[in-house]
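Now for the letters of each chain:
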Amino acid sequence: MQALRQEVLPPSGVEFAACLKFTPSTLSDSGPSTSQSGRALFNVVVARSSLLRIFEVREEPAPISIQKEDEKDRSSSMRKGTEAVEGEVEMDASGEGFVNMGAVKSTGQRGVTQSATVHKFYLVREHRLHGTVTGMEAVRTIHSLEDKLDRLLVSFKDAKIALLEWSDAIHDVLTVSIHTYERAPQLMALDSALFRAELRVDPLSRCAALSLPKDALAILPFYQSQAELDLIEQESSQARDVPYSPSFILDLANDVDKRIRNVIDLCFLPGFNNPTVAVLCQYQQTWTGRLKEYKDTVGLYIFTLDLVTNNYPVITAVEGLPYDCFSLAPCSTTTGGVVILAGNAVIFVDQSSRRVILPVNGWLQRTSDVPVPSLNAQEQLRDLQLEGARVTFVDDKTFFVILKDGTVHPVELILDGKTVSRLSMAEPLARTTIPAVVKRVENEHLFIGSIVGPSVLLKTAHVEEEIKDEDTEMSAAPAVVAPVDAMDLDDDEDLYGPSSVTEKPVANGTTNGISDSVKKRTVVRLSLCDAIPAYGPISDMAFGVARNGDRVVPELITASGAGDLGGFHLFQRDMPTRTKRKLHAIGGGRGMWSLAVRQAIKVSGGTLERPANPYRAENDSVIISTDANPSPGLSRIAMRSSHSDITITTRIPGTTLGAAAFFQGTAILHILYNATNIIRVLEPDGTERQSIKDLDGNTPRPRIKSCSICDPFVLIIREDDSIGLFIGEVERGKIRRKDMSPMGDKSSRYIAGCFYTDTSGLFQTFLNEQAPMENVTSTLQGAMNAGSKTQWLVLVRPQGVVEIWTLPKLTLAFSTTLLSTLDPVLTDSFDPPALSLPQDPPRKPQELDIDQVVIAPLGESRPRPHLIVLLRSGQLAIYEAVANALPAEPLPSTRSSTLLVKFVKVISKAFDIQHTEEEQKSVLAEQKRISRLLLPFVTSPAPGQAFSGVFFTGDRPSWILSTDKGGIKVFASGHNVVQAFTTSSLWEFRGDFLMYSEEGPSLVEWMPDVQLDGHLPARSIPRSKPYSNVVYDASTSLIVAASSFQNRFASYDEDGNIVWEPDSPNISFPRCECSTLELISPDGWITMDGYEFAANEFVNCIASVPLETMSTESGMKDFIAVGTTINRGEDLAVKGAVYIFEIVEVVPEPIGSIKRWWRLKLLCRDDAKGPVSFLCGMDGYLVSSMGQKIFVRAFDLDERLVGVAFLDVGVYVTSLRAVKNFLVIGDAVKSVWLVAFQEDPYKLVILGKDPQHCCITRADLFFADGHLSIVTCDEEGIVRLYAYDPHDPESKGGQNLLRRTEFHGQTEYRSSLLIARRPKSGDPEIPQARLVCGSVDGSLSTLTYVDDAAFKRLHLLQGQLIRTVQHVAALNPKAFRMVRNEYVSRPLSKGILDGNLLAAFEDLPIGRQNEVTRQIGTDRATVLKDWASLVGAW
């Protein structure tokens, strides 16, 4: 069997981050930083597994509504005694603008009152890499001296380092070089797969170090100046353009010091003439059970790298540090030295080997002999656990320790002269996300990345203030609380607590030479700027049924996150919308337009009220709809009556082709076809003001096929590809034909066109000085300020030339021939207007013709212009408009101006679109015709939130949207066909849409609280606790989930006496996992009932199992089966239990609003001698595992389980999956078994098993078209396909399962779901299986069956793409997926296709697609059809 594995959702969260100036927009001198648009401060590049994302952090003025609301809130909620007094700083919600400066100095604020600003993330680029990222650092190379930009260094799991830089030409990352060490002798060791490489960079970018197995470093030196390069050029004959010198491998034990073994962490230290490395290592390894023999085994070694003489002297060696040290952080040059985090202490070591220790609990004295300073009473009560903590400096003497639950503890280095005398930890400042990586940015920002939840950007502010004598008794932190940020962060508000102020007495009390009894305290403020949303690892998932209004859709329920960030995340395949009302009266099968028009104000006394908010436009008042029958069509004009109903005021025979508000919204421009084309101007009530018939002499011109209206211009394109252009005259309130002579011959042909109104200020023209003078006025319109609007006309000629013309003077500003081939970057070709005369016989439409083109803003808070194009073949491409540099060459004399914009392809998608024969012009064909249009819209689904997007109508209806942190996404709408679409605010809501779908005309809105940042529309249900298992009960539509939390653990002897308990307040009990069962209703996500297990019992698995019962007519009913582990400490054997629950309906409480209420009823508890690791149902029996045994049991009399069969299997069962009477068993050691169950007599028969050992995390049956395979995943993420074939001699008569394919998925998945897939071609009786897998890194992947013919084509294509496409960071996709197998002569790589690699084919330009497919003997249309039939979430 062959399959396609594709990532539906990429990995979630941030594991590595680099903060740097990477893109040119972050340079302060890059273009106009107007006060309206804000400015880019820096880039944050984040990575998780194989996903790399580049964000831009922009400083923007706070939205007006936020500022005003804050002022109102502050004045109403300011309590007495908390107002800002002189000498105290009051901050607004985002911690920026200082409202009352007083006499206060604050770092970086220059004492100026600023307008309130916010800092926000914007996604610039996203790449799925063919490698797993293990480190990321910013570096400055010799080329940074020229362009002032940083480079990005990324390390990968297979010992590679890639140097990336930003390329303005392609507006994307470019690979400078890749350095591979995978053939180094250190990586040939058998256990090198368990090793994780760490990347570190010297603060002055002199070199980078990558840690390798066997205590070695790969050192990559960088040139720092032109002088170094010149020296190299003199020595070698060829000129050098590379920014680095040859790298080498440093064996620490042999080359530096033989004591450096088992490296724990390393870092570069600042302030040295040569690069200097601090290494934390453990010469003699130990663990908790060997502390009597070996403790304090960690050493710190600081040595310099002399890259010229290859000399590495050790300058500091400190031994005897606690055995549980795990992290190093370099201090600044003012103090020198390093800060080490251990499990129970924070240790500062300076360069003279002096150690300063701060214990954070009472365990340090018990596990270590290091001298501990005397502690005050408060410090003796402190009980913190530092495992999993991260450390970062915020200034020279203060660093933050961020614990694994997100609590931020500030620690200060107390100086005595120039040496550090002690460490002082203050009360916690705040609570933030669970940290995986912490980066300090430019002195005033902290970026905290998390792999289990949102990653946040914080702002730190330091303020010194004086405390007078009478205030000195306020030793506790004063109650100044920074309010939580005003921005709506979905799941961040409850986890980001209030920040308070820490008091820090300064040693010398003299200020300005006057010795007054004054103490100073430093106020450290932390405020939340913005967050990158994430949901973290998927621990379990289930399909449920969601109701979007009246529609029932499948929804994937995932239990995700960890700790306080745990909860549920719900995914839907299509954009979730609900129907608010049906509007059958207005029809609209051929088009709908909802317009905001108003009567021109002529009444004295001003009856037309000004809108309350100048940013809030008026609501719509008129709907125009049109239908194809009765022939020649019918158009209706409708308005809303007083009862919220629709009244049709006018009916007009003829088909409406376009309508829009005109003359600043005081009239309607209406384009109609009724035997002839008519362009009409209507009054707001629908009466006709003017009508122009589109005649050539007295003969009607061909019918209009498309039109574009943009006040005051009208463009029509007729079926013979000729165009007409009209302009409105505001004074007369009428329209007239516009002269088109600058555009060439009057009979020129055009196949598509549209208007675009630019409000972003991006569309700037550059004048040609040498052009004839009469054209100079034409660009006055183009030279504009950022605030004013400019209008442009985009036209496509039949041969594929796309031209952008200025309005109103019609001068050519942009011309390209590359759009019809979907090239990655479009720039002005400087060609004169092209010729496109009529052909005889008339030209037939071609497959690669441009069918639709539109320039529209896409975005959320900062919409940017995008060019969206649809080819007739169904290929959709979206280009982002990017400012372009001034042309280097003078313009040709045939062009008077050029548009300083280039278009960069962001996304490309192939739709499988069928075209009817063009010859059919009958009435029936006209009624069946599907109009595929790109319709721009702006919607506001919630107050303060707005999206600019484009809707694609037709038989593949889609929403094209862009979010700040998610980039551009194309979501299917979930309808079979959408014939007409428009936004409508007729019912006073700006989130409404009018749609004519297969259900008829209806008013539709998005479902509330849907997050569109991801690759699937999602909803987040934060629950402040993690869930380990989730199951959906179909009979009651309820969810049963097991929540997990940490409980105190105590050991007891046989008499029930406690063996050990803490003997001091700073010693705590150990913790163990504990579970509770919850019955949750998806309506409102309320917990209806629960079941608490013992304090040392946790849930391994939950399953909804059909078992025999006497309570139903059919004799079967779904029960909830739960398997648990009872942990009794390390001295007693672990036990388990099986529970059977029934969900029963009870009478609801009268006060509640919920009509039906349910409870969990425990029917049976069955104790087991070992842990019950997995459960499943099979033919009405319950299959459970107990350690290394499998039991099949029947449920007898609804009260007990009776065993009918058992089987001894491997060591520890990790997975059970049954289909009919076949059972697939996955084991932690003995790999996978295939077993059959027979009932007469009862017995389990082993059919086959894998002869090789492997740790399976999940095993599933996978079947399609009469074939069967077994799919397994192991703990390294390797996906394997096994076949059961007794006729194959290798299988020894079927005893051995045959390993057919191995595919490296890189991350393990522990939850999978088997769903039915019915391919569009034919409807087989038995559907194909599709496997949906949720990984521990948050990615969601699917495994889909591929038939032989398509597989051969796609497999050959995959080989071509590996060889001919330039992959990001120059990685090798083939090696990334290859699995090393000692038992076969060549890798078993054929059988599973890599969806991430094949997706690159869609993005190629059409010329390259043809070239690649020609070499493998097929064509691009066939391959794209294969691809379109396979992709999709489920």
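Residues numbered from 1 in each chain as written. Predicted model: local features only at pLDDT ≥ 70, side-chain atom pairs only at ≥ 80, totals over all residues. Heavy atoms only, no water.

**Comments concerning the overall build of the protein**
Of the regular secondary structure elements, the protein holds twelve helices and 93 strands. Looking at the protein residue by residue over its 1434 residues, the buried ones come to 56%. Relative to all contacts within the protein whose residues are 6 or more apart in sequence, the contacts with residues 24 or more apart total 59%. For the protein, the accessible surface area stands at approximately 62,300 Å², while carbon and sulfur atoms represent 50% of it. (Helix = DSSP H or I, 4+ residues; strand = E, 2+ residues; numbered from the N terminus. Buried < 20%, exposed > 50% of the residue type's maximum accessible area, 1.4 Å probe, protein only. Contact = heavy atoms within 4.5 Å. Areas by Shrake-Rupley, 256 points an atom, 1.4 Å probe, with all protein chains shown as cover.)

**A word on the pattern of salt bridges**
In this structure the tally under the stated criterion is 67 salt bridges. In this structure, Asp-1274 engages Arg-1280 in a salt bridge whose closest nitrogen and oxygen atoms are separated by 3.1 Å. By relative accessible area, Arg-1280 is classed as buried at 6%. Here the salt bridges share partners, and the residues they tie into one network are Asp-1250, Asp-1274, Arg-1280, Arg-1299 and Glu-1302. (Salt bridge = Lys/Arg side-chain N within 4 Å of Asp/Glu carboxyl O.)

**A word on the sheet that holds strand E69 (residues 1018–1022)**
Taking strand neighbours across the sheet as the criterion, the four strands line up as E33-E34-E35-E69 in an open arrangement whose pairing is antiparallel. A single partner strand is all that each edge strand has here, and the edge strands are strand E33 (538–548) and E69. Pairwise comparison of adjacent strand axes, ignoring direction, gives a mean angle of 25 degrees for this sheet. Pairing of strand E34 (residues 551–560) with strand E35 (residues 567–571) involves five bridges; the strand directions are antiparallel. When the bridges of E35 are listed, Leu-556 appears paired with Phe-571. (Pairing = 2+ DSSP bridges. Axes fitted to C-alpha atoms, helices over the stretch in contact; angles between N-to-C directions.)

**Some points on the state of the cysteines**
Under the definition given, this model contains zero disulfides. Cys-754 supplies the cysteine sulfur nearest to Cys-710, a cysteine that is in no disulfide, at a spacing of 9.4 Å. On the accessibility criterion, Cys-710 (14% relative accessible area) is buried. With no disulfide partner, Cys-1101 has as its closest neighbouring cysteine sulfur the one in Cys-1176, 9.5 Å distant. Classification of Cys-1101 by relative accessible area gives buried; the value is 5%. (Disulfide = S-S within 2.5 Å.)

**Quick word on unusual backbone geometry**
For the peptide bond that leads from Leu-807 to Pro-808, omega is 5 degrees, which places it in the cis range. Positionally, Pro-808 belongs in the loop between strand E54 (802–806) and strand E55 (812–816). Residue Pro-1241 follows Asp-1240 across a cis peptide bond; omega there is -10 degrees. Inspection of the secondary structure puts Pro-1241 in the loop between strand E84 (1232–1239) and strand E85 (1242–1249).

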